[in-house]
Amino acid sequence: MAGGISIHAVDVAGGRPAQGLRVEIWRIDPDSSRVADGRLGANGVLDHPIAQGVGVTAGEYEVLFHLGEFFADSDGFLTVTPFRFRIKHVDEHFHLPLKFTRWGYSLFRGA
């Protein structure tokens, strides 16, 4: 797949895709604007045109994972988990797999 930002998240403690997890994608430099906002589907994937590259330009981005809301836990440890990265070449695809529990997470650029 050429271009785009795709998100896939799994609740590893629960052993399930993170269906319903709210995700926001912001371009924060050179300007600040939200380019995607949605909830992950039953497969734990964000179904949004940004995954095919729609609206992706060179710059710095931040993805916000609303983990506190996902666990419906107002006293929880994690609330909103940010991940910042830079896109220089818009023809490259950026796959961001998130593996998390109520207490921690792992996030990286996947293949």
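Residues numbered from 1 in each chain as written. Predicted model: local features only at pLDDT ≥ 70, side-chain atom pairs only at ≥ 80, totals over all residues. Heavy atoms only, no water.

A.B. asks: Explain the overall build of the chain residue by residue, including any values.
C.D. replies: Looking only at helices and strands, the chain features one helix and eight strands. Going residue by residue from the N terminus, the α and β elements of the chain occur as β-β-β-β-β-α-β-β-β. The C-alpha radius of gyration computed for the chain amounts to 14 Å, which stays within 12% of the reference 13 Å derived for 111 residues, consistent with globular compactness. The principal-axis extent of the C-alpha atoms belonging to the chain is close to 35 × 25 × 20 Å. (Helix = DSSP H or I, 4+ residues; strand = E, 2+ residues; numbered from the N terminus. Rg over C-alpha atoms; globule rule 2.2 N^0.38 Å.)

A.B. asks: Tell me about the sheet that holds strand β1 (residues 5-11), and please be specific about residues and values.
C.D. replies: Strand order in the open sheet formed by four strands is β2-β1-β7-β8, with mixed pairing between adjacent strands. Only two strands of the sheet have a single neighbouring strand rather than two, namely β2 (16-17) and β8 (105-107). (Pairing = 2+ DSSP bridges.)

A.B. asks: Could you give an account of the sheet that holds strand β4 (residues 33-39), with specific residues and numbers?
C.D. replies: Note on sheets: strands pair through backbone hydrogen bonds, and any given pair is parallel or antiparallel. Read across the sheet, four strands follow the order β4-β3-β5-β6 without closing on themselves; strand pairing throughout is antiparallel. Bordering the open sheet on either side are β4 and β6 (80-87), each of which pairs with just one other strand. For this sheet, the mean inter-axis angle between neighbouring strands, taken without regard to orientation, is 20°. As paired elements, strand β5 (residues 59-66) and β6 share eight bridges and run antiparallel to each other. The residue of β6 that forms the bridge with Glu62 is Arg84. (Axes fitted to C-alpha atoms, helices over the stretch in contact; angles between N-to-C directions.)

A.B. asks: Tell me what's going on with the nonpolar core, and back it up with residues and numbers.
C.D. replies: One finds Ile5, Ile7, Leu21, Val23, Ile25, Phe65 and Phe100 to be the most contacted residues of the largest nonpolar core, which totals 27 residues. Mapped by element, the contributors of at least two residues to this core are β1, β3 (22-29), β4, β5, α1 (67-70), β6 and β7 (94-100). When residues in this core are grouped by element, the largest group, four residues, is from β7. Those residues in contact with Leu21 that lie beyond four places of it in its chain are Ala9, Gly38, Arg39, Leu40, Phe65, His66, Leu67, Phe70, Leu98 and Phe100. (Core = buried A, V, L, I, M, F, W, Y, C linked by side-chain atoms within 4.5 Å. Buried < 20%, exposed > 50% of the residue type's maximum accessible area, 1.4 Å probe, protein only. Contact = heavy atoms within 4.5 Å.)

A.B. asks: Summarise the UniProt feature "domain: Transthyretin/hydroxyisourate hydrolase" (unreviewed entry) in the chain; cite the residues concerned and give the values.
C.D. replies: UniProt feature "domain: Transthyretin/hydroxyisourate hydrolase" (unreviewed entry): in the numbering of this structure it lies at residues 5-110. Here residues 5-110 runs as 4% helix and 47% strand, with 11 Å between its end C-alpha atoms. (UniProt positions renumbered as here; feature names shortened; annotations may be inferred.)

A.B. asks: Give a description of the pairing of β1 that names residues and reports values.
C.D. replies: Burial analysis of β1 places five of its seven residues in the buried class, which makes it a mostly covered element. Note: β1 against β2, two bridges, orientation antiparallel. Paired with Asp11 across the strands is Arg16, a residue of β2.

A.B. asks: For the pairing of β5, give the residues involved together with the corresponding values.
C.D. replies: Extensive coverage of β5 is indicated by the burial of eight of its eight residues. Note that β3 and β5 share six bridges and pair antiparallel. Counterpart to Glu24 in the pairing with β5 is Leu64.

A.B. asks: Tell me about the pattern of salt bridges, residues and numbers included.
C.D. replies: Side chains bearing opposite charge may pair, as long as their charged atoms lie close to each other. Inspection of every chain in the model, using the stated rule, returns ten salt bridges. Of the charged contacts in the structure, one is a salt bridge between Asp11 and Arg16, with a shortest N-O distance of 3.4 Å. On the basis of relative accessibility, which here comes to 38%, the residue Arg16 falls in the partly exposed class. Through salt bridges with shared partners, a single ionic network connects Arg22, Glu24, Arg34 and Asp37. (Salt bridge = Lys/Arg side-chain N within 4 Å of Asp/Glu carboxyl O.)

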